[in-house]
4 protein chains.
Amino acid sequence: MPLINENSRGVFVIAATPFADDLSVDVAGIGRLTEFYRKSGADGLTVLGIMGEAPKLSSSEARTVAAEFIRQAGDLPVIIGVSAPGLAAMSELTKAVMDMGAAGVMVAPPSTLRTDDQIVSYYQMVGETLGSDVPVVLQDYPLTTTVQMPVAVLNRIFETVPSIKMLKHEDWPGLAKISALRAAEAAGARRVSILTGNGGVMLFEEMQRGADGAMTGFAYPEMMRDVVRYVTAGEIDRAQDLFDAYLPLVRYEHQPGLGLAARKYVLKQRGALASDKLRRPGPSLSDADRAEIDRLMARLDRRLKELG
Amino acid sequence: MPLINENSRGVFVIAATPFADDLSVDVAGIGRLTEFYRKSGADGLTVLGIMGEAPKLSSSEARTVAAEFIRQAGDLPVIIGVSAPGLAAMSELTKAVMDMGAAGVMVAPPSTLRTDDQIVSYYQMVGETLGSDVPVVLQDYPLTTTVQMPVAVLNRIFETVPSIKMLKHEDWPGLAKISALRAAEAAGARRVSILTGNGGVMLFEEMQRGADGAMTGFAYPEMMRDVVRYVTAGEIDRAQDLFDAYLPLVRYEHQPGLGLAARKYVLKQRGALASDKLRRPGPSLSDADRAEIDRLMARLDRRLKELG
Amino acid sequence: MPLINENSRGVFVIAATPFADDLSVDVAGIGRLTEFYRKSGADGLTVLGIMGEAPKLSSSEARTVAAEFIRQAGDLPVIIGVSAPGLAAMSELTKAVMDMGAAGVMVAPPSTLRTDDQIVSYYQMVGETLGSDVPVVLQDYPLTTTVQMPVAVLNRIFETVPSIKMLKHEDWPGLAKISALRAAEAAGARRVSILTGNGGVMLFEEMQRGADGAMTGFAYPEMMRDVVRYVTAGEIDRAQDLFDAYLPLVRYEHQPGLGLAARKYVLKQRGALASDKLRRPGPSLSDADRAEIDRLMARLDRRLKELG
Amino acid sequence: MPLINENSRGVFVIAATPFADDLSVDVAGIGRLTEFYRKSGADGLTVLGIMGEAPKLSSSEARTVAAEFIRQAGDLPVIIGVSAPGLAAMSELTKAVMDMGAAGVMVAPPSTLRTDDQIVSYYQMVGETLGSDVPVVLQDYPLTTTVQMPVAVLNRIFETVPSIKMLKHEDWPGLAKISALRAAEAAGARRVSILTGNGGVMLFEEMQRGADGAMTGFAYPEMMRDVVRYVTAGEIDRAQDLFDAYLPLVRYEHQPGLGLAARKYVLKQRGALASDKLRRPGPSLSDADRAEIDRLMARLDRRLKELG
């Protein structure tokens, strides 16, 4: 399987973790879900992200899930989240998944980091520990990690840790950061691929600022595929019309915590998951929630027809 | 001026603080801004909120701003934010603004509160300190305060602090909280008015769950007025069509920090502010930001025409 | 090996993790360290605590360390820290270490917990997941976890989760909590063993308030053994004289972060560790630090001689 | 009154705020307390610190307290804490207290600051706002503010904000920071005075690392005076013997939150305060707490006699 690099583009869908109704891992369901993502426009997958249900897996389950996604993905590159409290555990999981054929690993900073130097030296240790041949995605997600990485810090990291090939951009607000990183690149800084998160809620603007695509789990990957495609092709109005049509649902899934339950419900309604169960502790949808989502899905269908 | 009470309804706009280009308070501009809010559908105003620029005012400026908004608002009720690190300062400001004719005061919890009992006893102290004749709005805004108030805690507070008449609901996700509070009311708990925040990003659903209106600063108050009105009238599709039209801009203003700069820019474009300057420390818009907002405003106009 | 229970008493030393100078786990050194702790007065050991270097071990290393400490400890009970972001990983490790002969497991709350109900239901899930036959130590350490557990919450947990047998008390300030828990017990609440942490910095007072002993890693366990013994025997002045003699060093080790490096240095000086190396990221001592510690150790020796 | 400067030395006692039993400000008691501090060895006072009861004063009370301390202090320099959420309020209070004769003002960073540049630019704004003629103390207290300031950041601030004359050093652990700042000074960086906090719990070592004195509120300022004097005179053993004698009480007062109640109790027992009441919300001592403190005070007296 090809590795990710600094020119990787498109939509890497953050994959949901399928559970059976008894909350065991639904290994068989991983094939169905992967097929859904592929058909919906995924250029790659990201598995075991920190905001999903990866922390609720045992370490053996986590490896099973990673292995099965990689197997089912075939030629689609799969990035595995390996964030861990310590470097030894991160290294152990990284070796395992790279051997399975992963395209790279993603590392979010531990929430104890505060100063610029702490952040830079953390990623230098990550780079040294994982080795120069493992492509790394740096996840910049202050809302969850509480770690704030200014552009100057990111550029110091990119300069000194060549194995970092991609930025999972999830700062909020974060448009200025994309513009500044691309300006730095134009002035000679090393290029990295920038894929954006936050459920896609700013995707249209992010693409215009210079992002290379999206890395998030919105349950309609075709929206992300098309927005990326249209902006890239210069069809700006078309991109924004499409984006706006999906925005009510994007917004609903963007609710912290509850959004994941909403997302699994949509994936189930769309036939991509057999069960929308979440492991404890986790939110569950009420009848009112489900009615709201059903309504949003129906309205989306109508709006897409209007747009033609 | 009438006081707010547990049946207050409609749109209380969180008022921006007008500065001149030299960053002095633009007292004269308060009249223009108040007139804009009134014409755009405000049923009341909220001034000196914690997320705006109130913390950047000196204490004398804060009183000047409060007094002028109250004077200009005439018969519109004005709620004044009086959150403070200590009860003595809160009490001092509350006495001053109630004497000026404020309709009530709003109090967010200090970020040091953690346990249920700490939160309940804090609001009991607030109620005792401010006195039974001052209507209080409890601001529930965990994203900023880090204080999480479960429904059971809110109901304990409402039960033991009768002067709390209104909940500024700004939990996120927070729809289930509205449903649960209304269910508790149906089961006999004391009613409080619920106005919702978060820039209006969930307003349509919040109204359907039982909110009484909105209290947020979105620069198109007419959207909030109409969504509240249509949902109340049972015109659900019409409400949601209108809401969706504004959603791209609602989302843009909902960006933490930067959103306030975007909002002031829109207010200036709409003629409600003479200057969109923010005091330091604070974000400022780039040309790219302004171009994005201009585009969103133009698209909104077109979409509203389509909707007729 | 016997399990811990609600009447467990004495000193459970939080064991350091021995590394060789090349930072591999010094498995052979575990025997020497265990012997040191036993001779210094340990009634039990606690391994893989959240504040030490456990998070820096890979999962296979963690099991090796746990197994070797359990093997070397013989009839001394060994508690294993199993705190984890998810219940599946916690359950997996718990099963493994209980099979090895652990005396119980210790669980700190995830830092995302805020409200009373969240905390109670978390420990209920822990109890259900680990099973009624696994004795659990609840670690109450707000300085690190940011989770505040009032006495009422602890008693709700003790009442509904019978497998919790011990409280690792590490609130600061926390003396009133011990008094209140013992008062509740006198009024009929279920008894749990209370062992105190925080490096022993309040141990004298904690014992007088009703603690059953200490669970912390201070490098002179004999101080903790003797303070526990003397207070229990009613020799209050003798206990406090001894405590005060050690206090300058207790204080030095109580420095967050750096304290662990100081502790390993003292353990090395005392012959308990072959190397005082810490894995990255971690603090390291300067010459000035070492000189200060040497001085404190020398002064301690003199003071102990004065006390006779 | 003389202003503080980069060579200020000695003990600046953080003054308690005296309340009457009815919790009104005991203005008359400020004279008595000031006299106590002077006789106990204070070289200066610091009033309205962030960790005391200043946030519980109204703005008019705060000015009254500041004015009375300055009046009573006579030729003793008085530093006033002016930390505020916004620069306008900080500027307003600074102007007022400098006009009253304050020797300087102290500013802690708002807890929202994270990155190096945010911290540096915050203090640059403070310096510009307060003006070059107002000596500023930078308070570095991460345990409370959550803002971490590495040595490089402090030196960038000192270099670009000449009005900062003093560092209130309250990092923990913080000995390495003092050493590094003094090494930087030896290498040519601008000198600032370093006074240390944290209740004095590391004072002996801090003096040896190069601190110029203490700025904290320990209720026996004579200990701080003598430790500073003896270390300065090279009488190291004598300094440490004395320090160790007081350490059990230093430690007791160092308990977060509760420590302030303990301190006021000791000050009342020593005749420095008429009442040890704290304003709400705040901790209160139990009978057990008071008995422990009485015991520690009696033991201190005996130990001081032993030392001669």
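Residues numbered from 1 in each chain as written. Chains lettered and ligands numbered in written order. Predicted model: local features only at pLDDT ≥ 70, side-chain atom pairs only at ≥ 80, totals over all residues. Heavy atoms only, no water.

### Remarks on the overall build of chain A
If you tally the helices and strands in chain A, you get 12 helices and 8 strands. Relative to a compact globule of 308 residues, whose C-alpha radius of gyration would be 19 Å, chain A shows 18 Å and is just as compact. A principal-axis box enclosing the C-alpha atoms of chain A has dimensions of 50 × 45 × 35 Å. Residues counted as buried form 62% of the 308 residues belonging to chain A. Sequence-distant contacts, at least 24 apart, represent 74% of the contacts inside chain A between residues at least 6 apart. Charge separation in chain A, taken as the distance between the mean sites of 34 positive and 38 negative side-chain charges, equals 3 Å. (Helix = DSSP H or I, 4+ residues; strand = E, 2+ residues; numbered from the N terminus. Rg over C-alpha atoms; globule rule 2.2 N^0.38 Å. Buried < 20%, exposed > 50% of the residue type's maximum accessible area, 1.4 Å probe, protein only. Contact = heavy atoms within 4.5 Å. Lys, Arg positive; Asp, Glu negative; His and termini not counted. Charge placed at Lys NZ, Arg CZ, Asp CG, Glu CD.)

### Some words on the environment of D133 of chain B
Residues and elements named next belong to chain B. When you line up the elements, D133 lands in the loop between α4 (116-130) and β5 (136-140). With relative accessibility at 58%, the residue D133 sits in the exposed group. Spatially, the C-alpha atom of D133 lies 15 Å from that of E92, the residues being 41 residues apart in sequence.

### Things to note about the side chain of Q240 of chain B
Along the polypeptide, Q240 of chain B turns up in helix α10 (residues 236-253). Sequence-distant contacts of Q240 of chain B, that is, excluding residues within four places in its chain, are made with R295, L296 and R299 of chain A together with F204 of chain B.

### Section: the relation of the copies chain C and chain A
Each of the two chain copies can be brought onto the other by rotation about an axis and movement along it. For the pair chain C and chain A, the best superposition has an RMSD of 0.0 Å and corresponds to a rotation of 180 degrees with a translation of 0.0 Å parallel to the axis. One copy is carried onto the other by what is essentially a two-fold rotation axis. Distance from the rotation axis, computed per C-alpha, reaches its smallest value in chain C at S59 of chain C: 4.2 Å. (Least-squares fit on C-alpha atoms with pLDDT ≥ 70 in both.)

### Examining the packing of helix α9 (residues 221-232) of chain A against helix α10 (residues 236-253) of chain A
Residues and elements named next belong to chain A. Contact geometry of α9 with α10 gives a least axis separation of 8 Å together with a crossing angle of 155 degrees. Taken together, α9 and α10 sit at an angle that is classed as roughly antiparallel. Judged by the twist between their axes, the crossing of α9 over α10 is left-handed. Where α9 abuts α10, its residues E222, M223, D226, V227, Y230 and V231 lie against I236, R238, A239, L242, F243, Y246 and V250. Partitioning the contact of α9 with α10 into residue classes produces 10 nonpolar, no polar and 3 charged. (Axes fitted to C-alpha atoms, helices over the stretch in contact; angles between N-to-C directions. Parallel < 35°, antiparallel > 145°, perpendicular 65-115°, else oblique. Left-handed = near helix turned anticlockwise from the far one by under 90°. Nonpolar A, V, L, I, M, F, W, Y, C, P; charged D, E, K, R; others polar.)

### Overview of the relation of the copies chain B and chain A
Turning chain B through 180 degrees and shifting it by 0.0 Å along the axis lays it on chain A, with an RMSD of 0.0 Å. Take the interface residues of chain B: 100% of them recur as interface residues in chain A, which is what a same-surface contact looks like.

### Notes on the interface of chain B and chain A
Taken together, the contacts link 32 residues of chain B with 33 residues of chain A. Surface buried jointly by chain B and chain A totals about 2,900 Å² across both partners, of which 52% is contributed by carbon and sulfur atoms. When the area that chain B buries against chain A is broken down by residue, the three leading residues are W172, R251 and R299 of chain B, summing to 22%. If you look at where chain B meets chain A, you find 14 salt bridges. Here R295 of chain B and D237 of chain A are joined by a salt bridge, their closest N and O atoms 2.9 Å apart. Inspection of the chain B/chain A interface yields 16 residue pairs in polar contact (both at pLDDT 80 or more). Those elements that provide at least two residues to the side of chain B that touches chain A are α8 (203-209), α10 and α12 (287-307) of chain B. Sorting elements by how many residues they give to the side of chain B that touches chain A places α10 of chain B first, with 10 residues. Residue composition of the side of chain B that touches chain A, by class: 16 nonpolar, 4 polar and 12 charged. (Buried area = accessible area lost by both parts, 1.4 Å probe. Salt bridge = Lys/Arg side-chain N within 4 Å of Asp/Glu carboxyl O. Polar contact = N/O pair within 3.5 Å; in protein donor to acceptor, adjacent residues only side chain to side chain.)

### Some points on the interface of chain C and chain A
Between chain C and chain A, the contact holds 19 residues from the first and 19 residues from the second. Interface of chain C and chain A: buried area, both sides summed, is about 1,400 Å²; carbon and sulfur atoms make up 55% of it. When residues of chain C are sorted by the area they lose upon contact with chain A, E92, M125 and R280 of chain C head the list and together hold 34% of the total. If you look at where chain C meets chain A, you find 2 salt bridges. One salt bridge connects R280 of chain A with E128 of chain C, and the closest N-O pair in it is separated by 3.1 Å. Here chain C is connected to chain A by 10 residue pairs in polar contact (both at pLDDT 80 or more). Among the secondary structure elements, those contributing two or more residues to the side of chain C that touches chain A are α2 (59-73), α3 (87-100) and α4 (116-130) of chain C.

### Examining the pattern of salt bridges
Enumeration over the complete set of coordinates arrives at 120 salt bridges over all chains. As a salt-bridge pair, R191 of chain B and E185 of chain B come within 3.2 Å of each other at their nearest N and O atoms. For R191 of chain B, a relative accessible area of 23% corresponds to the partly exposed category. Residue E185 of chain B is classed as partly exposed on the basis of its relative accessible area of 24%. For R71 of chain D, the salt bridge goes to E68 of chain D, with nearest N and O atoms at 3.2 Å.

By themselves, these observations are geometric and do not establish any function.
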